[in-house]
Amino acid sequence: MPSTTPNIGFIGLGHMGSGMTRNLQKAGFSLVVTDLRPGAAAELVANGALWAETAAEVARLSDVIITMLPTPKHVEAALRGPNGILAGISPDATWIDMSTSVPDVAKSVINDPAFAGLHVLDAPVSGMSVGAANGTLQIFIGGESEDVIRMRPVLEAMGDPERILHVGGHGAGYAVKLMINQLWFSHLVATAEVLAVGTAAGVDLDVLRRSLIASPANSNFLEHDVLSVLDHGDYDEGFAIALACKDMGLYVDLSRTVGMPSELSALVEQIHRRARRAYGDTAGEMSAIRLYEDLLGVPLRLATADRKVSA
């Protein structure tokens, strides 16, 4: 990379952040990292990254600071206080929040005269931990066009260049990500219900699914995502249902804030919260399907492994 390549500070080395930082490192960026679990940085440090004890130290040593944290409260905690990002950040640095969050946290910084020169982008992602590991994330960016263009090489190290989208001003990235998550979880509940009811009515599960795929009711979830459950009984523990419920709660809160009704989404949220109560906080994000399997009395599993799913 050229000498003008910025130092990247990265805060949050969980399921998503660990893959994202590895890809930044592979692209030639110098990294300064921190996490609540020092062991999460061992591989990165062995490959040349610097470990920082606090978010403030990350900010002091970096031109660009990226946060990838579970909730808005975690982002707020990383920002504030004597050990927070804002205590160490340079006046003209760039902060990119890639967490699934809400606009209020970032706007509190954007609207603060003390940080008038700071560049801020909200850039949440889709693609799950597999996309983070493979560098194929979808990234939805809210902020100023000039900042998006300037930061594109950094973002392309983590995401699919064709699916890195500037979706609007500050806060638009957060909003788009919440819409995507909510629609995906709604597809999950609708698919689980239809497959369970159809199976209970005596239709072979494979025949039922292929019929739905061939119909106007097809969806990416039905054709692809649900196969982790139907083929392998994998409810995706890489993303915990507690975090799924958090995201759905943020969506419902946003709908209230903008004064729009969200009756269906509120019901979808409650179904997932029931699954969380039944199977625990760390159960996989697709565990709501188990509720319907329990009612049906058998797991929803396809019998054949070599079928055509898109015929």
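Just so we're clear, the structure is a prediction, and the values are computed from it rather than from any experiment.

(A) Up close: the packing of helix α14 (residues 263-279) against helix α15 (residues 288-296). Contact pair α14 / α15: the axes reach a minimum separation of 8 Å and the direction vectors enclose 75°. With respect to each other, α14 and α15 are oriented roughly perpendicular. Here I271, H272, R274, A275, A278 and Y279 of α14 lie close against α15, whose contacting residues are A288, R290, L291, Y292 and D294. In the contact of α14 with α15, the residues fall into seven nonpolar, one polar and three charged.

(B) Looking closely at the nonpolar core. One finds L188, L195, F221, L230, M286, I289 and Y292 to be the most contacted residues of the largest nonpolar core, which totals 33 residues. If one sorts the elements of this core by residue count, helix α9 (residues 172-200) sits on top with seven residues. The residues contacting Y292, other than those within four sequence positions of it, are V189, A192, E193, A196 and I271. M20, L31, A123 and M158 belong to the second-largest nonpolar core, a separate cluster that totals 31 residues.

(C) View of the pattern of salt bridges. Applying the stated criterion across every chain yields a total of 11 salt bridges. In this structure, the salt-bridge partner of E156 is R152, at a minimum N-O distance of 2.8 Å. Taken as a pair, E156 and R152 lie in helix α8 (residues 145-156) at a separation of four residues, close to a single helical turn. The partly exposed category is assigned to E156, whose relative accessible area is 34%.

What counts as what
Residues numbered from 1 in each chain as written. Predicted model: local features only at pLDDT ≥ 70, side-chain atom pairs only at ≥ 80, totals over all residues. Heavy atoms only, no water. Axes fitted to C-alpha atoms, helices over the stretch in contact; angles between N-to-C directions. Helix = DSSP H or I, 4+ residues; strand = E, 2+ residues; numbered from the N terminus. Parallel < 35°, antiparallel > 145°, perpendicular 65-115°, else oblique. Contact = heavy atoms within 4.5 Å. Nonpolar A, V, L, I, M, F, W, Y, C, P; charged D, E, K, R; others polar. Core = buried A, V, L, I, M, F, W, Y, C linked by side-chain atoms within 4.5 Å. Buried < 20%, exposed > 50% of the residue type's maximum accessible area, 1.4 Å probe, protein only. Salt bridge = Lys/Arg side-chain N within 4 Å of Asp/Glu carboxyl O.

Fair warning: the whole summary comes from geometry, so function is off the table for now.
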